[in-house]
Amino acid sequence: PAIADVHVNGGWRTVLLAAQGNGGDSIFALDVTDPNAPSFMWEYIAPDLYRSSSSPAIGQVGRIAIGDTQRWAAFFVSGKTGCTPAEKTAGSTFCYPSIFIIDIADGSVVERVFLDSNTSGIGGIPSGQPAIMDYDNNGFIDRLYVGTDKGYMYKVNLPDTGSGSI
């Protein structure tokens, strides 16, 4: 599991995020601000999370996907991709590993980033927790890194100026 203090729904909360792991297809969040009375926040289920070996990474993402709204987000990777031979031949993005960016407040998908920069990465399985970085120390994640079992290391830029998109 991953635990972090985040500002959601007008106040600071301590949240715990965890995945079902190998064989599961969901990520869930609990509000554990009061450890004696944890409460369920949300669950995100997707077939592409099957056999994911990711732990969520948590950070604030600003102004990247939905106007200028600042969001606290969880970053986690897909599992084994299950594309058909026809999808593979057509180069479908769903054949590539991906990174999910989920709004911690409500469990909605902010963005799904497909790691499709190289066709030999098709079918790769990302491993571990994405490394998130705030290079300019402004409180927003600027980049994330994740490797796959095919030997690739991916860098994803996350613009936080309102001038770009993922």
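Scroll up to find the structure this text is about.
Definitions and limits used
- Residues numbered from 1 in each chain as written.
- Predicted model: local features only at pLDDT ≥ 70, side-chain atom pairs only at ≥ 80, totals over all residues.
- Heavy atoms only, no water.
- Core = buried A, V, L, I, M, F, W, Y, C linked by side-chain atoms within 4.5 Å.
- Buried < 20%, exposed > 50% of the residue type's maximum accessible area, 1.4 Å probe, protein only.
- Helix = DSSP H or I, 4+ residues; strand = E, 2+ residues; numbered from the N terminus.
- Contact = heavy atoms within 4.5 Å.
- Pairing = 2+ DSSP bridges.
- Axes fitted to C-alpha atoms, helices over the stretch in contact; angles between N-to-C directions.

Trainee: What is the right way to read the nonpolar core from this model?
Mentor: In summary, soluble globular proteins display a tendency toward joint burial of nonpolar side chains. Residues Val6, Leu17, Tyr44, Ile58, Phe76 and Ile104 are the most contacted members of the largest nonpolar core, which totals 19 residues. For this core, the elements supplying multiple residues, two or more each, are strand E1 (2-8), strand E2 (11-19), strand E3 (26-31), strand E4 (39-45), strand E6 (70-77) and strand E7 (98-103). Among the elements that line this core, the one with the most residues is E1, at four residues. Apart from residues lying up to four places away in sequence, Tyr44 is in contact with Asp25, Ser26, Ile27, Leu49, Phe76, Phe100, Ile102, Gly107 and Val109. Ranked by size, the runner-up nonpolar core spans 15 residues in total, among them Ala57, Ile99, Val110 and Val113.

Trainee: What is the right way to look at the sheet that holds strand E10 (residues 143-148) in this model?
Mentor: The strands making up a sheet associate through backbone hydrogen bonding, with each pair oriented either parallel or antiparallel. One open sheet holds the three strands; their spatial order is E9-E10-E11, and the pairing between them is antiparallel. Both edges of this open sheet fall to strand E9 (126-133) and strand E11 (153-157), since each of them pairs with a single strand only. Adjacent strand axes in the sheet meet at a mean angle of 20°, parallel and antiparallel pairs treated alike. As paired elements, E10 and E11 share five bridges and run antiparallel to each other. Of the residues in E11, the one forming a bridge with Tyr145 is Lys155.

Trainee: What exactly am I supposed to notice about the sheet that holds E4 here?
Mentor: With respect to topology, four strands assemble into an open sheet ordered E1-E2-E3-E4, the strand pairing being antiparallel. On the outer flanks of this sheet lie E1 and E4, each paired with one strand and no other. If you compare each strand with its neighbour and ignore which way they point, the axes differ by 30° on average. When E3 meets E4, the two strands line up antiparallel, connected through six bridges. From the neighbouring strand, Ile27 faces E4, where its bridge partner is Tyr44.

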